[in-house]
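Spelled out, the chains give:
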Amino acid sequence: MTDKEKIISEKQLRKKTIISFSVFIVMIAFAIFGWKWLHKQPQENEAPRPLRKALNYNEGLFGKFFSNNHLAKTFPLSAAVKHVRVNGDEGMSADFDASTWKLKVAKTPGDTLFVTLDEIKALPKTEIVFDFKCIEGWSQVTHWGGVKFSDFAQKYGLNEQTKMNYVGLITPDKGYYVGIDMPAIMHPQTLLCYEMNGKPLPMNQGYPLRLIIPVKYGIKHLKRIGSIFFSNERPPDYWYERGYDYYAGL
Ligand SMILES: Nc1nc2c(c(=O)[nH]1)N[C@H]1C(S)=C(S)[C@@H](COP(=O)(O)O)O[C@H]1N2
Ligand SMILES: [Mo]
């Protein structure tokens, strides 16, 4: 035996073992109590409040650093798929009457605009080919055409409205609705879209008008816009109410 090995006696070793084991037990106890505590916390939008706080914090970080100035990657026309997937038909009830449709824009209480499809088509047209990403995991390079929301807002004198924090969009039957932060709706790639692959939007892709917002996941690309409103508080959002991220940015 060397001198060093003798330094720890049997008695000391036993003491050290007991201490380590006690620390281990205390840690396990904390883990169990921590888990139970978390599950006793009030729920906030389908998650215990402390976890929701962490999610909101991450959301804030992503919002600040990734959304507003970056452009989604674009592709040549030839990269766009011919068969565009149809996903989600909430708020797309079959009894929709396209012949009487007008886009309803609530400017202020008592001041509502009604805009026809022809009036929207008369505005400068923008086309985009980008990788459309659904939160369920698929993506597709697709081709869309319409008017930039920012151009629309300028033409229709929505300056005061676009100083607010959010825009809400709702289908005519109110079955699907999204809330969008103002920087994302005013982003230069965000379209009020009436064309897909150079043709009028098919019924199941949101005829006559849908949102195309490449800086967000698919859940925010509301098909068949009925009405638009502005608000400083978060507008109701269909998938947020079912536990998804409100921001849903890319
Ligand atoms: N009105 C309406 N818009 C909607 C949905 C929906 O269920 N109803 N689903 C969303 C989701 S989850 C996705 S991925 C895209 C799919 O668009 P597409 O059907 O044109 O591929 O639409 C979004 N817009
Ligand atoms: Mo989606």
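Presented here is a report on the structure given in the accompanying data block.

What counts and what doesn't
The residue numbering used here restarts from 1 in each chain and proceeds along that chain's sequence as written. Numbering of ligands from 1 and lettering of chains from A proceed in the order in which they are written. For a predicted model such as this one, the threshold for reporting local features is a pLDDT of at least 70, and the threshold for listing and counting side-chain atom pairs is 80 or more; totals across whole chains, interfaces and linings nevertheless cover every residue. To obtain the side-chain values, all non-hydrogen atoms of the structure were used and water was disregarded. By definition, a salt bridge exists where a carboxyl oxygen of Asp or Glu is found within 4 Å of a side-chain nitrogen of Lys or Arg. Counting from the N terminus, the helices are the DSSP runs of H or I reaching at least four residues and the strands are the DSSP runs of E reaching at least two. Three exposure classes are used, based on accessible area relative to the maximum for each residue type with a 1.4 Å probe and protein chains only: buried under 20%, partly exposed in between, and exposed over 50%. Each residue is tested against the molecule or strand, and it is near if at least one of its non-hydrogen atoms lies within 4 Å. Whenever two N or O atoms come within 3.5 Å, that pair is a polar contact, provided that in protein one can donate a hydrogen and the other can accept it, and provided that, for residues adjacent in sequence, both atoms are side-chain atoms. Here, Shrake-Rupley sampling with a 1.4 Å probe gives the accessible areas, and only protein chains in the shown set may cover a residue. All residues other than Ala, Val, Leu, Ile, Met, Phe, Trp, Tyr, Cys, Pro, Asp, Glu, Lys and Arg, Gly among them, are scored as polar; the first ten of these are nonpolar and the last four charged. Note: two strands are recorded as paired if DSSP finds a minimum of 2 bridges between them. Residues forming no salt bridge and having over 30% relative accessible area are the ones grouped into patches, like charges within 9 Å of each other and nonpolar side chains (Val, Leu, Ile, Met, Phe, Trp, Tyr) within 5 Å. Charge assignment in this entry is limited to Lys and Arg as positive and Asp and Glu as negative, and neither His nor the chain termini are counted. Where a charge lies is defined by one atom per residue type: Lys uses NZ, Arg uses CZ, Asp uses CG and Glu uses CD. Stacked, tilted and edge-to-face are the three classes applied to pairs of Phe, Tyr and Trp rings, where Trp contributes its six-membered ring and a pair requires centres within 6.5 Å; stacked means planes under 30 degrees apart, edge-to-face means over 60, and tilted covers the rest.

Focus: the pattern of salt bridges
- Under the definition given, this model contains 5 salt bridges.
- The closest approach of N and O atoms between D181 and K216, which form a salt bridge, is 2.7 Å. Linking D181 in strand β8 (residues 177-181) with K216 in the loop between β11 (210-212) and β12 (227-231), this pair joins segments that are 35 residues apart in sequence. We note that D181, like K216, is buried.
- With its nearest N and O atoms 3.8 Å apart, the salt bridge here joins E241 to R242.
- Accessibility expressed as a relative area gives 39% for R242, which makes it partly exposed.

Observations concerning the site of ligand 1
- In the region of ligand 1, 19 residues are neighbours, and R85, N87, E90, Q205 and K223 sit closest.
- Separating an oxygen atom of ligand 1 from a side-chain N or O atom of Q205 is a distance of 2.7 Å.
- One nitrogen or oxygen atom from the side chain of R210 is found 2.8 Å from an oxygen atom belonging to ligand 1.
- For ligand 1, whose accessible area on its own is 540 Å², the fraction buried by protein is 98%.
- Grouping the amino acids of the shell around ligand 1 by side-chain chemistry returns 8 nonpolar, 6 polar and 5 charged.

Quick notes on the pairing of strand β4 (residues 111-115)
- Bridge count for strand β3 (residues 103-108) against β4 is 5 bridges, and the pairing is antiparallel. Of the residues in β4, the one forming a bridge with K104 is F114.

Side note on a positive patch on the surface
- A cluster of basic residues, K11, R14, K15 and K16, forms a positive patch on the protein surface.
- One can find K11 in helix α2 (residues 10-40).

Some details on the packing of aromatic side chains
- Within this structure, the stated rule accounts for 11 aromatic pairs.
- Both rings, one in Y166 and one in Y246, keep their centres 6.1 Å apart while their planes meet at 85°; by these two values the pair is edge-to-face. Within this pair, whereas Y166 is found in strand β7 (residues 166-170), its partner Y246 is found in the segment after β12, the two being separated by 80 residues in sequence. Taken individually, Y166 and Y246 each receive the classification buried, so the pair is uniform in this respect.

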